[in-house]
Amino acid sequence: MKDDLADDLAAIVKIDAVPTILEVVCRTTGMGFSAVARVTEDRWIACAIRDEISLGLQPGGELQVASTICDEIRDSGQPVIIDHVAEDEIYCGHPTPRMYGFQSYISMPIYRPDGRFFGTLCAIDPKPARVNTPATIGMFKLFADLIGFHLDVQERLMASEKALLDERETAQLREQFIAVLGHDLRNPLASIDAGAKILRVMPLSQKAMRIVDLLEASASRMAGLIDNVLDFARGRLGGGLSVTRVVDPDLEAMLEQTVAEMRAVWPDRIVQSRFALNKPVACDSGRIAQLLSNLLANAFTHGDPGGAVRVEAASGEEGLEISVANSGAPIPANILGNLFQPFSRASASPGQQGLGLGLYIASEIARAHDGTLTVQSSDQETRFTFRMPL
C-alpha cells in the first residue's frame with residue numbers, strides 16, 4: 001500500500017467515533033455490513049468495518065474499484081441509495097449487486113472541508129432494507145461530514161506537529177551555529193592574540209614588531225567581526241538582542257571610555273566629545289557603549305579622514321540622546337533607505353571593509369531599548385542620532 005493511502009487508513013483508525021458510527025448505521029438500518037472506504041481512481045480500500053454477515057473483508061482489504069458502486073460515486077459526487085436491488089429500475093441489472101450478493105445498499109461520499117474527495121461511508125445487506133428515507137439519508141450525510149471534519153483536524157494536527165518538529169530542529173541548528181560563533185571561533189582567535197602579546201615582550205627587530213602590531217590589529221578586528229556576526233545571529237535567529245536595563249551611574253564614564261578606546265584604534269582621527277548625562281538612565285550600558293562604538297567605527301570608515309568626528313550624549317526629561325556626526329560626502333539616496341539593513345554599508349564603494357552589520361546591530365540595540373536610531377546626511381555633515389525614553 002502506498003504511504004499516503006496507509007496514512008489515510010491510519011487516520012480513520014485514529015477517529016474514535018468511527019466504530020460507534022458503523023454500529024449506529026447497522027442498528028438503525030438493520031443492515032449487516034457497514035464500512036468507511038478510501039476510494040481513489042484505481043483503489044478501493046476498507047479503512048474501518050463492521051461485519052455482522054461474515055462478508056470476510058478486513059480493514060486494509062481491497063476490492064477492485066471498478067467493481068464497486070463507490071467508483072461511480074467518486075465520479076458523480078452523489079450518494080446511491082437502494083432499498084431493494086431486484087425492484088430498482090437503475091440497479092436491478094447492475095453487475096455489482098450480483099457480484100457481492102446484496103439487495104440493500106447505501107453509500108454516502110465523504111469530503112474533506114476543502115472539497116477533496118476521500119471515500120465513502122457505505123452499508124450493504126443481502127436482504128432488502130428501507131434506507132431511502134430522509135432520516136436515514138440525513139444520518140449518513142451527518143456521519144460522512146463528521147468523518148470528513150475529523151480527517152481535516154488530523155491533517156492540520158499532523159502539519160502542526162511537523163512544523164513544531166522542524167522548529168525544534170531549526171532551534172537546535174541555531175544554537176549550534178551561535179555556539180560555533182561564540183566559542184569555536186573565539187578560541188583560536190584568543191590564541192593568536194595571546195601569541196602576539198608574548199612576541200611583543202620578546203626582543204624583536206623593528207620589522208618584526210610591525211608584524212606583531214599587524215597581528216594584534218587583525219585579531220582585534222576579527223574579534224569585532226565575530227561580535228557583530230554573533231549579535232546578528234542572535235537578533236535574526238534567536239528572537240532579538242537581549243538587554244538588561246538598570247540605572248548605571250557610570251554610564252557617562254563608560255561612554256568616555258568607549259571614545260578613548262576608539263581614539264586609540266584610530267590615532268590619526270580627531271574626536272570631539274561632549275557628554276551631559278543629567279538624568280539617570282535605565283539601560284544596558286554595555287549595549288549602549290557597543291552602539292556608540294559601532295557609530296564611531298562607521299564615522300571613521302566612511303567620513304572625511306581630515307575632518308573631526310563629533311560625539312554628543314545628553315539625558316534630560318525627554319530621555320537619552322546620543323549622536324555621532326562626521327563631515328564628508330553625503331550618503332547616496334539609494335543607500336539611505338536600506339542603511340540599517342544587515343550587510344548594508346554607508347558607502348557605495350566596494351573597497352570598504354566590513355560585513356555591513358555595524359549599523360544594523362546599532363539599530364537593533366536601539367529597538368531593544370524601545371528607542372530609535374535615525375540618520376540625516378547632507379553636504380555639511382552626516383549625523384546618526386539615537387534616542388530612547390528614560
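Residues numbered from 1 in each chain as written. Predicted model: local features only at pLDDT ≥ 70, side-chain atom pairs only at ≥ 80, totals over all residues. Heavy atoms only, no water.

**Observations regarding the nonpolar core**
Okay, so step 1: Ranked by size, the top nonpolar core spans 39 residues in total, and within it Leu255, Leu296 and Phe386 carry the most contacts.
Okay, so step 2: Elements that contribute at least two residues to this core include exactly helix H8 (251-265), strand S8 (270-277), helix H9 (285-302), strand S10 (308-316), strand S11 (319-326), helix H11 (358-368), strand S12 (372-377) and strand S13 (382-388).
Okay, so step 3: At seven residues, H9 tops the list of elements feeding residues into this core.
Okay, so step 4: If we ignore the near neighbours within four places in the chain, the residues touching Leu296 are Val259, Met262, Val309, Val311 and Val324. (Core = buried A, V, L, I, M, F, W, Y, C linked by side-chain atoms within 4.5 Å. Buried < 20%, exposed > 50% of the residue type's maximum accessible area, 1.4 Å probe, protein only. Helix = DSSP H or I, 4+ residues; strand = E, 2+ residues; numbered from the N terminus. Contact = heavy atoms within 4.5 Å.)

**Comments concerning the sheet that holds strand S6 (residues 117-125)**
Okay, so step 1: Strand order across the open sheet formed by six strands is S3-S2-S1-S6-S5-S4, with antiparallel pairing between neighbours. Of all the strands in the sheet, just strand S3 (62-63) and strand S4 (80-82) have a single pairing partner and so form its edges.
Okay, so step 2: Pairing of S4 with strand S5 (residues 104-111), which is carried by three bridges, proceeds in the antiparallel orientation. Each bridged residue has a counterpart across the sheet, and for Ile81 the counterpart in S5 is Ile106. (Pairing = 2+ DSSP bridges.)

**Examining the confidence of the model for the protein**
Okay, so step 1: Across the protein, the average pLDDT comes to 86, with 89% of residues at or above 70.
Okay, so step 2: For the stretch residues 348-354, pLDDT sits under 50, and the model shows nine contacts to residues farther than four places along the chain or on other chains. (pLDDT = per-residue confidence, 0-100.)

**Remarks on H9**
Okay, so step 1: Its 18 residues give H9 an end-to-end C-alpha distance of 26 Å, which sits within 8% of 26 Å, the value for a rise of 1.5 Å per residue.
Okay, so step 2: With 13 of 18 residues buried, H9 is to be regarded as a mostly interior element. (Expected span 1.5 Å × (residues − 1).)

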